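Observations on the model geometry
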Amino acid sequence: MQNFLSVKDAVDVQALVKEALLYKKTPYADKHLGRNRTMGLLFFNSSLRTRLSTQRAAQNLGLELMVMNVGQDSWGLEFEDGAIMDGNKAEHIKEAAPVIGQYCDIVGIRSFPGLTDREEDYSEKVINQFVKNTGRPIVSLESATRHPLQSLADLITIEELKTKPRPKVVLTWAPHVKALPQAVPNSFAEWMNAANVDFVITHPEGYELAPEFVGNAKVTHNQEEAFKDADFIYAKNWSSYTQYGQILSQDPSWMVTMEKMKLTNNAKFMHCLPVRRNIVVEDAVLDSPNSVVVQQAGNRVWSAQVVMKQILLSII
Ligand SMILES: CCC[C@H](NC(=O)CCC(=O)O)C(=O)O
Ligand SMILES: NC(=O)OP(=O)(O)O
C-alpha cells in the first residue's frame, strides 16, 4: 500500500476488515513492526478521534509519532504554484513537504475543503501536493472529498454487528448549523458500494452527492421510506455539492428521532462524530442501546492500525 487516500488503495476491502478485527482481538501482535520508524500527523483542522486513534494505533505498532497543527504550530503554507509570497504564508509546500519527508517515514494529513471552489476542492489539491512533494507514503486523515480511515472503521462496525449476510444500510442527511464537507458521506458511499450491503442514500432535493461517489446506491428524498426495514442508520450532515458549499435546508423534520428508528428493523444508529445533539439526532436515539457511535469510534484504532501495517510492509 503506497498511500491511503480512498477505497481504491485497499486492494482487498474484506481482507482489510478481517485483519482489523484480528487486531481488535490481538492489538499488540505486531508491536515491533514500526520500530525505528516515525509517523507525522499534520492537522489543518480540529480533531479528537482521528488524532487520538491514530496515535494509539501507531503505539500498538511501535511507531514513533510527531503531531503538528499546521498554521498554529508551523508556518502558514502556500499551495499555489508560482505564487508571489508577499502575504501571511511564510513557506511553500514545495519546501515544507520534502522537509517533513526528511523527518517522517509516513505522513498523515487532515485538510478540510474550503467549500467555495468546487473544482479546487474536488481536485484534492492539498493532499495531492503532499503526495507529489513529500517523498513518503501519505495517509488521509480526512481530505477535501474523502475520509477513508472513518469509512473503513464504519465498515468494520457494520461487519461485526450485522445479523444477516447483506444488511440494509441507510445514509441519511440531517440538518446542521454550519456548512459541512461532503467528505464523510462521499467516502461512506464509496466504501458501502464496495461492500455486500443494500445501500440507500436519502436527502432533501439539492443535496445530491457527486455521481462518482453515489455509484449504484438507491437515492430517495423520502426519508421515512428509506428507513423502512433498515439494519443500519448512518446520519451525517453535508453542504450542497450541486450548489457548492451552500446550506439549502435546515429542515428539523430531517433530524433522526426514535419515531423514525421505529420504522427500521431494530437498526443500529451510526455517526462518525462529533455530532450536534438535538440538531442531527435527538438525545433519545444517541442514549438508546441501538446507538453504536462509541464502538464505531473505537474501531478507528483498528482501521488506522491495519492501514499503517500495510504501509509499513511496503517500506520495510
Ligand atoms: C469527522 C467529521 C469532521 C467534520 N465535522 C465537522 O466539521 C463538525 C463541526 C461542527 O459540528 O461544528 C465533517 O463534517 O467533515
Ligand atoms: N470522526 C472523526 O474523524 O472525528 P474527529 O474529527 O474528532 O477526528
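Right above here is the structure, for reference.
What you see is a predicted model; the values in this text were computed from it and never measured.

In this structure, N186 sits in helix α7 (residues 183-192). A relative accessible area of 0% means that N186 is categorised as buried. Ignoring any residue separated from it by four or fewer positions in sequence, one finds N186 in contact with Y122, T145, L209 and F213.

A few words on the packing of helix α6 (residues 148-161) against helix α12 (residues 293-315). At a minimum axis separation of 8 Å, α6 and α12 run at an interaxial angle of 115 degrees. Crossing angle aside, the handedness with which α6 passes α12 is right-handed. The segment α6 lies against α12, with L149, Q150, L152, A153, D154, I156, T157, E160 and L161 engaging Q295, Q296, N299, R300, S303, A304, V306 and V307. Considering only residue class, the contact of α6 with α12 consists of 8 nonpolar, 6 polar and 3 charged.

Our next topic: the sheet that holds strand β8 (residues 198-202). Strand order in the open sheet formed by 5 strands is β9-β8-β7-β10-β11, and the pairing between neighbours is parallel. Each of the sheet's edge strands pairs with one partner strand only, and the pair in question is β9 (218-220) and β11 (268-270). For this sheet, the mean inter-axis angle between neighbouring strands, taken without regard to orientation, is 20 degrees. Pairing of strand β7 (residues 168-173) with strand β10 (residues 232-236), which is carried by 5 bridges, proceeds in the parallel orientation. Bridging from a neighbouring strand, L171 pairs with Y234 of β10.

Before going further, it helps to examine the packing of aromatic side chains. Enumeration over the complete set of coordinates arrives at 11 aromatic pairs. Ring geometry for F44 versus F79: centroids 6.0 Å apart, planes at 50 degrees, classification tilted. Linking F44 in the loop between β1 (38-43) and α2 (49-60) with F79 in the loop between β3 (77-78) and β4 (91-92), this pair joins segments that are 35 residues apart in sequence. Take F44: its relative accessible area is 24%, and that puts it in the partly exposed class. Classification of F79 as buried rests on a relative accessible area of 11%. Taken together, Y122, F213, Y241 and Y244 form an aromatic cluster joined through their ring pairs. Positioned above the aromatic ring of F43 is the side chain of R51, whose terminal nitrogen or guanidinium carbon lies 4.3 Å from the ring centre. Sitting above the plane of the Y241 ring, R118 keeps its charged end 3.9 Å from the centroid.

Sheet architecture is open: 4 strands sit in the order β2-β1-β5-β6, paired in parallel fashion. Edge positions in the sheet fall to β2 (64-69) and β6 (138-140), since each of these pairs with one other strand and no more. Taken over all neighbouring pairs, the strand axes of this sheet differ in orientation by 20 degrees on average, direction set aside. Direction of pairing for β1 relative to β2: parallel, over a ladder of 6 bridges. Paired with T38 across the strands is E64, a residue of β2.

This paragraph deals with unusual backbone geometry. For the bond from L273 to P274, the omega torsion is 0 degrees, close enough to zero to count as cis. Locating P274 in the fold gives a position in the loop between β11 and α11 (283-286). Phi at D229 takes a positive value of approximately 65 degrees, unusual for a residue other than glycine. Here D229 lies in the loop between α9 (223-227) and β10. With phi around 55 degrees, N266 is a residue other than glycine that occupies positive phi space. As for its placement among the helices and strands, N266 is situated in the loop between α10 (258-261) and β11.

Conventions we followed
Residues numbered from 1 in each chain as written. Chains lettered and ligands numbered in written order. Predicted model: local features only at pLDDT ≥ 70, side-chain atom pairs only at ≥ 80, totals over all residues. Heavy atoms only, no water. Helix = DSSP H or I, 4+ residues; strand = E, 2+ residues; numbered from the N terminus. Buried < 20%, exposed > 50% of the residue type's maximum accessible area, 1.4 Å probe, protein only. Contact = heavy atoms within 4.5 Å. Axes fitted to C-alpha atoms, helices over the stretch in contact; angles between N-to-C directions. Left-handed = near helix turned anticlockwise from the far one by under 90°. Nonpolar A, V, L, I, M, F, W, Y, C, P; charged D, E, K, R; others polar. Pairing = 2+ DSSP bridges. Phe/Tyr/Trp six-rings, centres within 6.5 Å; stacked < 30°, edge-to-face > 60°. Lys NZ or Arg CZ within 6 Å of the ring centre and 35° of its normal.

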